[in-house]
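Given next are the chains, with one letter for each unit.
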2 protein chains.
Amino acid sequence: MADVPSMEALEALLRRLPGIGPRSAQRICYDLLVRKRNLLPQLATALERAHAAVRFCERCNNLSEAPLCAVCKGLHRDHSLLCIVESPADLRAIEDTGMFSGDYFVLMGHLSPLDGVGPEALHLDRLSERLAEADLQEVIFATNPTLEGEATAQFLADLVPAGITISRIAHGVPVGGELEYVDRGTLGRALHGRRLLDE
Amino acid sequence: MADVPSMEALEALLRRLPGIGPRSAQRICYDLLVRKRNLLPQLATALERAHAAVRFCERCNNLSEAPLCAVCKGLHRDHSLLCIVESPADLRAIEDTGMFSGDYFVLMGHLSPLDGVGPEALHLDRLSERLAEADLQEVIFATNPTLEGEATAQFLADLVPAGITISRIAHGVPVGGELEYVDRGTLGRALHGRRLLDE
Ligand SMILES: [Zn+2]
Ligand SMILES: [Zn+2]
């Protein structure tokens with residue numbers, strides 16, 4: 001289809017999205033260009049709006065359109081609990097369980113020395129401020145149950161001031177898996193069954 | 001995530017694309033907004049460009065950025081053969097076999113009385129012009145091997161002038177399937193094994 005460069009360009013970009021291979025990128029292009037042409041400008045506008053409006057919460061790094069996200073603005077959160085996750089998607093997965101009403105801090109990644117991701121990438125200055133807040137009684141590490149996620153939890157546990165309980169969500173979540181894709185029931189049980197972190 | 005309306009709007013639009021369910025729409029949004037933010041404006045521009053540039057070939061209805069598509073502008077096509085398909089994606093699937101060098105006509109659909117799609121939707125005036133061209137010797141129906149595709153081929157066969165051979169691609173393609181997703185080898189054999197249409 002050397003005659004349709006704008007369609008090829010669109011296909012190439014779609015292939016960079018998660019879960020979209022060459023065949024589905026092609027299928028989406030034909031569907032948009034033949035059957036759903038009015039979706040093309042609608043999608044373009046939605047992408048631009050999201051790009052302009054969505055930022056990271058100044059307190060927890062969650063996605064938000066305001067300086068503070070919906071969770072941080074929530075009136076009924078339990079500020080004695082701080083749950084530390086790797087990504088906004090993980091935060092959403094835990095919120096969707098409906099079994100946690102504490103605060104969050106999103107690391108935006110995990111330690112990965114091989115990829116050159118050291119502690120400086122994990123917003124440690126802001127995390128330290130959160131760990132120093134007066135109400136805090138327990139820090140729950142909900143990093144991914146991977147080698148990197150475990151190592152990150154171990155590393156950050158050293159930053160938690162003495163006297164504050166440190167826990168890790170239970171290994172109900174499958175080892176080696178991605179927290180974001182764990183079913184809600186398993187994730188809820190894993191939260192309830194959290195254990196003290198043996199350092 | 002009631003706090004991120006622009007992300008919700010994007011998710012809702014993504015769910016209208018083929019093969020993208022609620023979970024993958026959510027996954028794509030997080031991937032774009034957290035890890036690939038520069039893809040957001042790139043994708044928006046690509047969608048707008050494709051919307052503005054891609055039209056339908058004036059001769060065969062294939063997707064094109066010029067009045068005539070790459071196939072219709074081709075210098076080495078065999079104008080004695082006319083292959084009739086339902087969609088531009090089906091045309092591309094046949095071109096990708098590398099086993100057909102004739103001309104095409106894209107119906108942009110099939111007869112579907114229950115959905116109110118009658119013959120007037122299938123560009124019959126332009127198809128009639130194509131069927132009256134002097135070089136034409138054989139019309140190959142490559143509509144989908146579905147009830148509607150077969151009925152459409154049967155209906156259109158009556159429009160083919162006397163003396164012109166009428167054929168149907170062989171039933172190597174699975175009955176009830178969608179032509180667009182048939183593997184290339186099967187589709188190539190189906191073209192080679194085309195049989196005379198018994199009316
Ligand atoms: Zn927040
Ligand atoms: Zn054409």
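None of these values were measured; they are calculated from a predicted model.

**Here we look at the coordination of the zinc ion (ligand 1)**
Within the protein, the zinc ion (ligand 1) binds to Cys 57 of chain A (SG), Cys 60 of chain A (SG), Cys 69 of chain A (SG) and Cys 72 of chain A (SG); these donor distances fall in the range 2.3 to 2.4 Å. Considering all four donor atoms around the zinc ion (ligand 1), angles at the metal cover 103 to 116° and the coordination shape is tetrahedral.

**Structural notes on the interface of chain A and chain B**
Listed per partner, the contact involves 57 residues of chain A and 57 residues of chain B. Buried area between chain A and chain B, both sides added, is near 5600 Å², and the carbon and sulfur share of it is 64%. Counting the surface chain A buries against chain B, the share from its top three residues, Asp 3, Leu 47 and Arg 92 of chain A, is 13%. Linking chain A with chain B are four salt bridges, by the criterion used here. Linking Glu 11 of chain B and Arg 92 of chain A is a salt bridge whose minimum nitrogen-to-oxygen distance equals 3.1 Å. The interface formed by chain A and chain B includes 18 residue pairs in polar contact (both at pLDDT 80 or more). At the level of secondary structure, the elements contributing two or more residues to the side of chain A that touches chain B comprise helix H1 (5-14), helix H2 (22-35), helix H3 (39-53), strand E2 (63-64), helix H4 (70-73) and helix H5 (88-97) of chain A. Taken together, the residues of the side of chain A that touches chain B sort by class into 34 nonpolar, seven polar and 16 charged.

**A short note on the layout of surface pockets**
In this structure, the largest pocket occupies an estimated 380 Å³ of space. Along its surface, the largest pocket is lined by 19 residues, and Ser 87, Asn 144, Glu 178 and Glu 180 of chain A together with Arg 35 of chain B are the ones closest to its centre. A total of five residues in the lining of the largest pocket trace back to one element, the largest contributor, which is helix H2 (residues 22-35) of chain B. Its residues placed into classes, the lining of the largest pocket shows six nonpolar, five polar and eight charged.

**Here we look at the nonpolar core**
Counting 46 residues, the largest nonpolar core has Leu 10 and Leu 14 of chain A together with Leu 10 and Leu 14 of chain B as the members making the most contacts within it. For this core, the secondary-structure elements that each account for two or more residues are H1, H2 and H3 of chain A together with helix H1 (5-14), H2 and helix H3 (39-53) of chain B. Judged by nonpolar contacts, the second largest core, of 22 residues, contains Val 71, Cys 83, Ile 94 and Ile 169 of chain A.

**Points about the packing of H5 of chain A against helix H8 (residues 184-192) of chain A**
All names here are of chain A. Here H5 crosses H8 at 90°, and the two axes come no closer than 9 Å. Between H5 and H8, the interaxial angle falls into the category roughly perpendicular. In contact with Ala 93, Ile 94, Asp 96 and Thr 97 of H5, H8 contributes Arg 184, Leu 187, Gly 188 and Leu 191. Residues belonging to the contact of H5 with H8 are distributed by class as follows: four nonpolar, two polar and two charged.

**Quick notes on the domain arrangement of chain A**
One can read the domain layout of chain A as domain 1 (7-53) and domain 2 (63-168). Each of domain 1 of chain A and domain 2 of chain A has a C-alpha centre, and the two are 34 Å apart.

**Examining the relation of the copies chain A and chain B**
Rotating chain A by 180° and translating it 0.0 Å along the rotation axis places it on chain B, where the RMSD comes to 0.0 Å. These values place the two chain copies in the arrangement generated by a two-fold rotation axis. By C-alpha distance to the rotation axis, the residue of chain A lying nearest is Ala 44 of chain A, at 2.0 Å. Comparing interface residues between copies, 100% of those in chain A also sit at the interface in chain B, which points to an isologous, same-surface contact.

Analysis parameters
Here the residue numbers are simple positions, counted from 1 along each chain's written sequence. To label them, take the chains in the order written and letter them from A, then take the ligands in the order written and number them from 1. For this predicted model, a pLDDT threshold of at least 70 governs which residues receive local features, and a threshold of 80 or more governs which side-chain atom pairs are given and counted, while totals over whole chains, interfaces and linings are taken from all residues. As a rule here, side-chain values come from all non-hydrogen atoms in the structure, and water together with hydrogens is ignored. Coordinating donors are taken as N, O and S atoms within 2.8 Å of the metal, stretched to 3.2 Å for Na, K and Ca; because water is absent from the atoms, sites can appear incomplete. Key to geometry: four donors with every angle between 85 and 135 degrees are tetrahedral; four donors are square planar and six octahedral where opposite donors lie over 155 degrees apart and all remaining angles lie between 65 and 115; all other sites are irregular. We call two residues in contact when some of their heavy atoms are within 4.5 Å. Here the buried area means the combined drop in accessible surface, using a 1.4 Å probe, for two parts upon being joined, counting both sides. Counted as salt bridges are all cases of a side-chain nitrogen of Lys or Arg within 4 Å of a carboxyl oxygen of Asp or Glu. The definition of a polar contact used here is a pair of N or O atoms within 3.5 Å, where within protein one atom must be able to donate a hydrogen and the other to accept one, and adjacent residues in sequence count solely through side-chain atom pairs. Here a helix means four or more residues in a row that DSSP labels H or I, a strand means two or more in a row labelled E, and each is numbered from the N terminus. When residues are grouped by polarity, Ala, Val, Leu, Ile, Met, Phe, Trp, Tyr, Cys and Pro land in nonpolar, Asp, Glu, Lys and Arg in charged, and all others, Gly among them, in polar. With a 1 Å grid laid over protein atoms only, a set of points is called a cavity when a 1.4 Å probe fits there but cannot get out and a pocket when it is open yet has protein on both sides within 12 Å along at least five of seven lines; lining residues have an atom within 4 Å of a point. Grid points are joined across faces, edges and corners, and a volume is the space filled by probe spheres set on the points. Residues grouped as a nonpolar core are buried Ala, Val, Leu, Ile, Met, Phe, Trp, Tyr and Cys residues, joined through side-chain atoms within 4.5 Å. Each residue is assigned to one of three classes by its accessible area relative to the maximum for its type, calculated with a 1.4 Å probe on protein chains only: buried under 20%, partly exposed between the two thresholds, exposed over 50%. Axes here mean lines fitted to C-alpha atoms, for a helix over just the part in contact, with angles spanning 0 to 180 degrees between N-to-C directions. By definition in this entry, angles of less than 35 degrees are roughly parallel, angles greater than 145 are roughly antiparallel, angles of 65 to 115 are roughly perpendicular, and the rest are oblique. Segmentation of the chain into domains, including their bounds, is taken from an automatic or database domain assignment. The copies are overlaid by a least-squares fit using only the C-alpha atoms of residues whose pLDDT is at least 70 in both copies.

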